[in-house]
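Below, each chain spelled out in residue letters.
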Amino acid sequence: MSLQCGIVGLPNVGKSTLFNCLSNAKAQSANFPFCTIEPNVGVITVPDERLNKLGELCKPERGVIPTTVEIVDIAGLVKGASQGEGLGNKFLSNIRETDAILHVLRCFDDDNVVHVDGSVDPVRDKEIIDAELQLKDLETVESRIQKTEKQAKAGGDKQAKVALELLVRYREALSQGKSARTVELQNKEEEQVAKELMLLTSKPVLYVCNVDEASAVSGNKYVEAVREAVKEEQAEVLIVAAKIESEIAELETYEERQMFLQEIGLEESGVNRLIKAAYKLLNLRTFLTAGSDEVRAWTFRAGSKAPQCAGVIHTDFERGFIRAEVIKYEDYITLGGEAACRAAGKLQVEGKEYLVQDGDIMHFLFNV
């Protein structure tokens, strides 16, 4: 399942530093705009403590295999990007191909790192990028309205009428400086139209506040300003100190990294929290398989049924799906494995309509 989160922001807010912490790919990190011209793609392991516990219990021969998510580092946007300023059109095109946005905001003071607009103001920075994405979306919507109006009038096309009504609502919101994601979709037909439009501001967004070390635990005045600015967006705000994260990434052992985190008052690294948040932002969940051969995490979209999840492992599993055996993770750990769960009646047999839950330990029976 190849779904991507795109890291966006103004130049010099810490995007590439953060990306380097997230993956083994080494995006150029320098103190000037446009140092990341081609989008860098990193395949990131999703941290999941459940896998470690299952590994200890099952002692699998082939080991423990986590799931992954793709992160794309997109070059810094600037004011006027929607009109092609900087490398605007190319950047906007790269954003369009992603499924969700990690919007990095500079929330730290440092005279040694120049700001493209001369001062630190994360709310202004957010509004600059929002405006550029909204302007590009408005251009897309206006163009589509012209075509759709003709289709709706000419042949009484019902689908065209549905599309036109939604496009008009999008135009109204975008003209008011609101993002497309603020427009509520009324039915599945509108959801399909929205999906086909691929509007930049319809993508889910996570605001990542890049702070200094002193603010890594509780944030600062800049973070509070961001929270206030986005409170009506129903968007999550995450605090990360990218400079510290880059230092943590250089430590060789898990124990050293944990000691470093404890010294600065953090239970978990910002990178781990960011990866988990990005995974949820993409509406992804994890089911697990566990046995003596391997323990493995598998990615599925929230709301998927058992046959669809079987197809994540192999298309034959979905095509010939008979039933699924399901054990809840907590039961598996508490009772000490599959055999004990069977004996205690904690193994459920589920059919084609079963909605798979995050953390379900699954075994699929199929026939092809």
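One can find the structure itself at the top, above this paragraph.
Predicted, not measured: the structure shown is a model, and the values here were computed from it. (Residues numbered from 1 in each chain as written. Predicted model: local features only at pLDDT ≥ 70, side-chain atom pairs only at ≥ 80, totals over all residues. Heavy atoms only, no water.)

**Observations concerning the nonpolar core**
Okay, step 1: In this structure, I71 and L102 are the most contacted members of the largest nonpolar core, which totals 61 residues.
Okay, step 2: No other element matches helix α10 (residues 270-281), which puts seven residues into this core.
Okay, step 3: When near neighbours in sequence (up to four residues on either side) are disregarded, I71 contacts C5, I7, F19, L22, N40, V41, G42, I44, L102 and A278.
Okay, step 4: Listed in part, the 18 residues of the second largest apolar core include L138, A152, L197 and L199. (Core = buried A, V, L, I, M, F, W, Y, C linked by side-chain atoms within 4.5 Å. Buried < 20%, exposed > 50% of the residue type's maximum accessible area, 1.4 Å probe, protein only. Helix = DSSP H or I, 4+ residues; strand = E, 2+ residues; numbered from the N terminus. Contact = heavy atoms within 4.5 Å.)

**Regarding the packing of aromatic side chains**
Okay, step 1: Counting across every chain of the model gives five aromatic pairs.
Okay, step 2: An aromatic cluster is present here, built from F287, W298, F300, F321 and F364 joined pairwise through their rings. (Phe/Tyr/Trp six-rings, centres within 6.5 Å; stacked < 30°, edge-to-face > 60°.)

**Quick word on the pattern of salt bridges**
Okay, step 1: Enumeration according to the criterion identifies 19 salt bridges in this entry.
Okay, step 2: The salt bridge partner of E49 is K276, with a shortest N-O separation of 3.0 Å. On the criterion of sequence distance, the pair formed by E49 in helix α2 (residues 49-58) and K276 in helix α10 is long-range, its members being 227 residues apart.
Okay, step 3: Taking relative accessible area as the criterion, K276 reaches 24% and is therefore assigned partly exposed.
Okay, step 4: By sharing partners, the salt bridges in this structure join R62, D293, E294 and R296 into a single network. (Salt bridge = Lys/Arg side-chain N within 4 Å of Asp/Glu carboxyl O.)

**Things to note about α2**
Okay, step 1: Taken together, the buried positions of α2 are occupied by R50, L51, L54, G55 and C58. End-on view of α2: buried residues confined to an arc of 135 degrees, all on one side of the axis. Opposite the buried face of α2, by more than 90 degrees, sit the exposed residues N52 and E56.
Okay, step 2: Turning to α2, the residues buried within the fold contact β3 (64-65), β8 (284-290), β9 (295-301), α13 (329-335) and β12 (361-366).
Okay, step 3: Phi turns positive, to about 45 degrees, at K59, one or two residues after α2. (Arc of directions from axis to C-beta.)

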